[in-house]
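Geometric and topological summary
Each chain, written out:
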Amino acid sequence: MMPNDGISAVRTLKRMNPDAKIIAMSGLASNRDAVLAAGATVFIPKPYALDDLLRTIHNLISDRSSDV
């Protein structure tokens, strides 16, 4: 668990760097829309496979965020 809420963390990171690519993860699927609206680039539901995380990171680094 994050010590504070993840939505605040996403907003703070985006204020610090509007171009930051943020992968949000949560075991609560209900958090998806909120973290994406706050500025996260992609949401991964827990539990996730390592391959899914690696593919997501690869796509973000390759600037293929529409493939994530």
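Scroll up to find the structure this text is about.
Below is a summary of the structure that appears in this document. Counting restarts for each chain: residues are numbered from 1 in the order of the written sequence. Under the rules for a predicted model, residues below a pLDDT of 70 receive no local features and side-chain atom pairs below 80 are neither given nor counted, while totals for whole chains, interfaces and linings still include all residues. Here the side-chain values reflect all heavy atoms present in the structure, with hydrogen atoms and water set aside.

Let us now look at the overall build of the protein. Helix and strand definitions follow DSSP, with helices as H or I runs of at least four residues and strands as E runs of at least two, each counted in order from the N terminus. What the protein contains, in helices and strands, is three helices and two strands. For the protein, the residues scored as buried account for 24% of the 68 residues in total. Taking contacts inside the protein between residues at least 6 apart in sequence as the whole, the part at least 24 apart equals 29%. For every accessible area listed, the method is Shrake-Rupley and the probe measures 1.4 Å; residues are considered covered only by the protein chains on display. Only carbon and sulfur atoms are counted for the fraction: they give 55% of the accessible area of the protein, which is about 4900 Å². Relative accessibility decides the category of a residue: with a 1.4 Å probe and only protein chains considered, values under 20% of the type maximum give buried, values over 50% give exposed, and everything between is partly exposed. It only takes one pair of heavy atoms within 4.5 Å for two residues to be counted as in contact.

Once that is clear, we can look at the side chain of T56. Along the polypeptide, T56 turns up in helix 3 (residues 50-61). A relative accessible area of 8% places T56 in the buried class. N or O atoms closer than or at 3.5 Å make up a polar contact, with two conditions inside protein: a donor-capable atom paired with an acceptor-capable one, and, for residues adjacent in sequence, both atoms drawn from side chains. A distance of 2.8 Å separates a polar side-chain atom of T56 from the backbone oxygen of D52.

Before going further, it helps to spend a moment on a nonpolar patch on the surface. Only residues whose relative accessible area exceeds 30% and that form no salt bridge are eligible for patches; like-charged ones are grouped when within 9 Å, while nonpolar side chains (Val, Leu, Ile, Met, Phe, Trp, Tyr) are grouped when within 5 Å. The salt bridge definition used is simple: a Lys or Arg side-chain nitrogen within 4 Å of an Asp or Glu carboxyl oxygen. A contiguous nonpolar patch, built from L50, L54, I57 and I61 and spanning about 410 Å² of accessible area, is present on the exposed surface. Along the chain, the position of L54 falls in helix 3.

The next subject is the nonpolar core. Generally speaking, a soluble globular protein has its nonpolar side chains buried in company with each other. Counting residues in each nonpolar core, the largest one holds eight residues, listed as V10, A20, I22, A24, V35, A38, A40 and F43. The contact partners of A20, leaving out residues within four places of it in the chain, are L13, K14 and T41. Take the buried residues of types Ala, Val, Leu, Ile, Met, Phe, Trp, Tyr and Cys, join any two whose side-chain atoms come within 4.5 Å, and each joined set is a nonpolar core.

A separate point is the pairing of strand 2 (residues 42-45). DSSP bridges decide pairing: two strands pair if at least two such bridges lie between them. Pairing of strand 1 (residues 23-26) with strand 2 involves four bridges; the strand directions are parallel. Paired with I23 across the strands is V42, a residue of strand 2. The path from the first strand over the helix to the second decides the hand: if it runs clockwise while the strands point away from the viewer, the crossover is right-handed. Tracing the backbone out of strand 1, into helix 2 (residues 32-38) and back to the parallel element strand 2 gives a crossover that is right-handed.

Bringing the side chain of S26 into the picture now. Within the fold, S26 resides in strand 1. On the basis of relative accessible area, S26 is assigned to the buried category, the value being 11%. Within polar-contact distance, the side chain of S26 engages the side chain of N31 at 2.9 Å. Apart from the residues within four sequence positions on either side, S26 is in contact with N31, F43, I44, P45 and K46.

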